Amino acid sequence: MPKKPAPKATKKAKPVQAKLKVPVRRKTAVVETAVARAGIKVSAVPPQATAAPKPAAPTAPAATIPALPPAPEGFVNVFVDGVLRHAKKGSTIMQACTDAGKEIPHFCYHDRLSIAGNCRMCLVEIEGMPKPVASCHWPVGEGNKIRTDSKLTIEARKGTMEMLLINHPLDCPICDQGGECDLQDQAVAYGADRSHYHEFKRAVDDKDIGAKIKTVMTRCIHCTRCIRFATEVAGVEEFGATGRGENMQVGTYVEAALQSELAGNMIDLCPVGALTSKPYAYTARPWEVVNTEAIDILDGVGSNIYVQHRAGQVMRLLPREADAINEEWMTDAARFSYDALHTNRLATPLHNGKAIGWPEAFKLLVPELNGARVAGLIGNLQGAEDAYAMREFFTNVLGSKAYAGTPANWNLTDAALLRGYTPFKQFEQADAVLLIGANPKLESPLLNARLRKLAKKRIPITLIGAPADLTYKVQNANLESLFDTKTNPLANAQRPLVILGAAVQQHLQAQHIAEAAFAAAQRPNWNGYNFLTPTGGTLAPLALGFGNADSILSKLDKTDVLFIHGDRDDVTPAQLKKFKGTSIYLGTHSTPLAQACTLQLPTAAWAEKSFTSLNMQGTAQTSNQAVTPPHNAKEDWKIYRALSEQLGKTLPFDTLTQLRSAMKLELPTHKAAKVARPAKLAPLAAVQFPYYLQNAYLRQSPTMHACQAEQGTAKISPSPRAPVTGMGPQKPKSQPAANQKGMM
């Protein structure tokens, strides 16, 4: 009888084991079951055949990793490229790397804006993370090991840069951002030398958003800095993004001019050439101009700025970072009004409209001053040195104290104006704000941006006066509550902030309001009293003892010679035509007021001389001379010095340094007077004035006329091309701007 073939155990056992998908811990039991079903006999191994286990070889003790030293309180330990650092808890990876001296490229991140994380250029490698992270928003953690120079980080940045350049046009040679473009710099430093993208680029129509900003939206990389600034800082939600993906576009939702006095800062924030200055377009390159540090005298904040000039001509104005003053912002009135420096200027002395030289002007003027009754008025766009030279000339040369600086329609005494002010940095500590007769959006846009920060923190802001759109919510109160300790909005505040505006200056009971406001703003070690000054040249004459102009204008019939140093709105050409004496104008432009004077002496404008200004908090700042005065114009103090020599009583300074050494510019401190409540309080008037044409200097700027035409309307004003020849509401000649399409 033939034998049955032996079963092939291996062939039957493997399929069974392969089909079973079970955890590792059950594999042994499954195999044993399969073998038993197949009828395979497994013989046991004799005990003596089992190899004796070898004794384990002695091993060296495992090396122990030393524990990190504890970080200081409020900090965590992080490693940046292998170096141990202490990073503040709650800070971001980018901030930790920056503190360690490592440069992290970025486009969308900005210190003063919210974090968006759009551009992804700030990617870094963190050990343990599956992929690079955006360092601008990723918080630091204990023991993080950050690599900013690893191969993964470098390749991630190259890929991000390649994506950002997919639709960016190759128009750097004609772009006004060229030479100061973040995209150019980072493409060279962190990008690749070639692209994998060879398809057609998209193109986007340009947006017309007014006379200040030129747009080429094909260059936009969607960093949204402009959107966040408009919404968070400027407080105008008129700028945003529509569409998604490749169809996303940034601009105004409807074609209209941006209604913000701070819109020009979006130009500085834009990292590419999508938003550039329209008045500056195609006029200069960054490497052609010279930067001079200066102070903006057109705003009471006293913004720190750069004057960029070439060949003796001012080409552009840019903000300079000063965290305690203007942070890094600048008003549009200061940024775009530099064309007034080249428009309608007084370039040589004029006598009754006829050009004469300086010797002839002095020859005509000296006989008029000998033994005459002389009075003088100074404007609010002059430096402290100009006011000091004028005071010394009147006091020591002419023997007269009839000089004034405060406008005639101001009903406040010097004591109410010079009481010390709250430093701007301390505004963030305030727990309640009271605005009295003020519209900071028009009177001081930069100060209004600081108040927006308080409003976002839910600090209560109360407005006494006519309602106004301040870009944040305010509570309304009546003037009577200021004099009532129970209903006073600041009754329970520990660090109150009181801000008086233009409506108080002209109020008949201004002195009573100022005394009550000063009393309400006082706390131990805290002075919350503030007054909005229109320019940086307002406080210096007050500190030097200049009085109110009403004391001069009310006695014109008893005056033989009237000096008007700088333009003023409280003196009209009609008044001067009725004036029987000799009127002398010292100023920069041929305004109607200047043309009504007998003798016109040309002086240097703010960018053409070095001067000192006092901002609204009493801080003295020095501005440097950027360019020389035009033709035969002279610096203001030099005119008084030369005239004093002609009169035989030479002033004791020959240089600006000597003048400043003699000048003591200190704000006197005045104590509070007794608060007396009037029997009947008149309401405060609304603060309304043309922001872009608020003084004679701005009224000489064609750009400012175009901006004023756009304010409060959706109308787009044509770009100005022709200069303004005089002062007034007339519109400058202009022509429509060319419609420039985006490049492919």
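These lines cover the structure that appears in this document, whether it is placed above or below. Everything numeric in this text was worked out from a predicted model, so none of it was measured. (Residues numbered from 1 in each chain as written. Predicted model: local features only at pLDDT ≥ 70, side-chain atom pairs only at ≥ 80, totals over all residues. Heavy atoms only, no water.)

**Notes on the overall build of the protein**
- Helix and strand content of the protein: 22 helices and 29 strands.
- When burial is assessed residue by residue, the protein has 52% of its 744 residues classed as buried.
- Contacts in the protein between residues far apart in sequence, at least 24 positions, make up 69% of those at least 6 positions apart.
- Just so you have it, the protein exposes about 35800 Å², and 54% of that area is on carbon and sulfur atoms. (Helix = DSSP H or I, 4+ residues; strand = E, 2+ residues; numbered from the N terminus. Buried < 20%, exposed > 50% of the residue type's maximum accessible area, 1.4 Å probe, protein only. Contact = heavy atoms within 4.5 Å. Areas by Shrake-Rupley, 256 points an atom, 1.4 Å probe, with all protein chains shown as cover.)

**Section: the pattern of salt bridges**
- In this structure the tally under the stated criterion is 30 salt bridges.
- Two residues, K278 and D208, come together in a salt bridge whose shortest N-O distance is 3.5 Å. Taken together, the residues span a long stretch of sequence, with K278 in the loop between β9 (275-277) and β10 (290-295) and D208 in the loop between α5 (182-190) and β6 (213-215) at a distance of 70 residues.
- A salt bridge links E645 to R641, with the nearest nitrogen and oxygen atoms 3.0 Å apart. Residue E645 and its partner R641 are located together in helix α20 (residues 636-646), separated by four residues, close to a single helical turn. (Salt bridge = Lys/Arg side-chain N within 4 Å of Asp/Glu carboxyl O.)

**So, helix α13 (residues 445-456)**
- Counted at 1.5 Å a residue, the expected span for α13 with its 12 residues is 16 Å, and the 17 Å between its end C-alpha atoms agrees.
- Of all 12 residues in α13, nine are buried, a share of seventy percent or more.
- Looking only at α13, the buried set comprises P445, L446, L447, N448, A449, R450, L451, R452 and L454.
- If you follow the buried residues of α13, they end up packed against α6 (225-234), β17 (432-436), α12 (440-443), β18 (461-464) and β20 (496-500).
- One or two positions beyond α13, positive phi appears at R458, with a value near 65°. (Expected span 1.5 Å × (residues − 1).)

**Considerations on the sheet that holds strand β5 (residues 144-147)**
- Spatially, the five strands line up as an open sheet ordered β2-β1-β5-β3-β4, and their pairing is mixed. Sheet topology places β2 (83-88) and β4 (133-134) at the edges, where each strand pairs with a single neighbour.
- With two bridges connecting them, strand β3 (residues 123-126) and β5 associate as antiparallel partners. Its bridge partner lying in β5, I126 is registered against I146.
- Running over the sheet, helix α4 (residues 151-164) touches β3 and β5 and is turned about 155° from β3. (Pairing = 2+ DSSP bridges. Axes fitted to C-alpha atoms, helices over the stretch in contact; angles between N-to-C directions.)

**So, the environment of G179**
- Mapped onto the fold, G179 is located in the loop between α4 and α5.
- Ignoring sequence-local partners within four residues, the contact set of G179 consists of Q184, P286 and W287.

**Overview of the environment of L164**
- You can see L164 is positioned in helix α4.
- With sequence-adjacent residues up to four places away left out, L164 is seen in contact with F107, C119 and I221.

**Observations regarding the sheet that holds strand β11 (residues 304-310)**
- Overall, antiparallel pairing links the three strands, which are arranged β10-β11-β12 in an open sheet. The sheet is open, and its two borders are formed by β10 and β12 (313-319), each paired with just one other strand. Neighbour-to-neighbour, the strand axes of this sheet turn through a mean angle of 30°, independent of strand direction.

**Here we look at the packing of α6 against α13**
- As a packed pair, α6 and α13 sit with axes 9 Å apart at the nearest point and diverge in direction by 80°. Considering the angle they form, α6 stands roughly perpendicular to α13. Two secondary-structure elements touch here, α6 through T231, E232, V233 and A234 and α13 through A449, R452 and K456.
- Considering only residue class, the contact of α6 with α13 consists of three nonpolar, one polar and three charged. (Parallel < 35°, antiparallel > 145°, perpendicular 65-115°, else oblique. Nonpolar A, V, L, I, M, F, W, Y, C, P; charged D, E, K, R; others polar.)

**Description of the nonpolar core**
- If you look at the biggest cluster of nonpolar residues, it comprises 97 residues, and the most contacted ones within it are F229, F239, L435 and W606.
- With six residues, α6 is the largest single contributor of residues to this core.
- When neighbours within four sequence positions are excluded, F229 is seen to be in contact with L113, A234, L262, N265, M266, L269 and W329. (Core = buried A, V, L, I, M, F, W, Y, C linked by side-chain atoms within 4.5 Å.)

**Comments concerning α4**
- Over its 14 residues, α4 extends 20 Å from the first C-alpha to the last, a length consistent with the 20 Å expected when each residue adds 1.5 Å.
- Every buried residue of α4 is accounted for by T153, A156, R157, T160, M161 and L164. Buried residues of α4 fall within an arc of 130° about the axis and therefore sit on the same side. Facing away from the buried side of α4 by more than 90 degrees, the exposed set consists of K151 and M163.
- Structurally, α4 contributes buried residues whose contacts are with β3, β5 and α5. (Arc of directions from axis to C-beta.)

**Overview of the side chain of H168**
- Summarising the element assignment, H168 is placed in the loop between α4 and α5.
- With near-sequence residues (within four places) excluded, H168 lies in contact with L183, K201, T218, R219, I221 and V272.

**A look at the pairing of strand β26 (residues 582-587)**
- With six of six residues buried, β26 is to be regarded as a mostly interior element.
- Because side chains alternate across β26, one face comprises the buried residues T582, I584 and L586, and the other comprises S583, Y585 and G587, equally buried.
- Strand direction decides the pairing type here: strand β25 (residues 561-565) and β26, joined by five bridges, are parallel. Within β26, the position partnered with F563 by the bridge is I584.
- Across four bridges, the pairing between β26 and strand β27 (residues 599-602) is parallel. The residue bridging G587 from the neighbouring strand is P602, located in β27.

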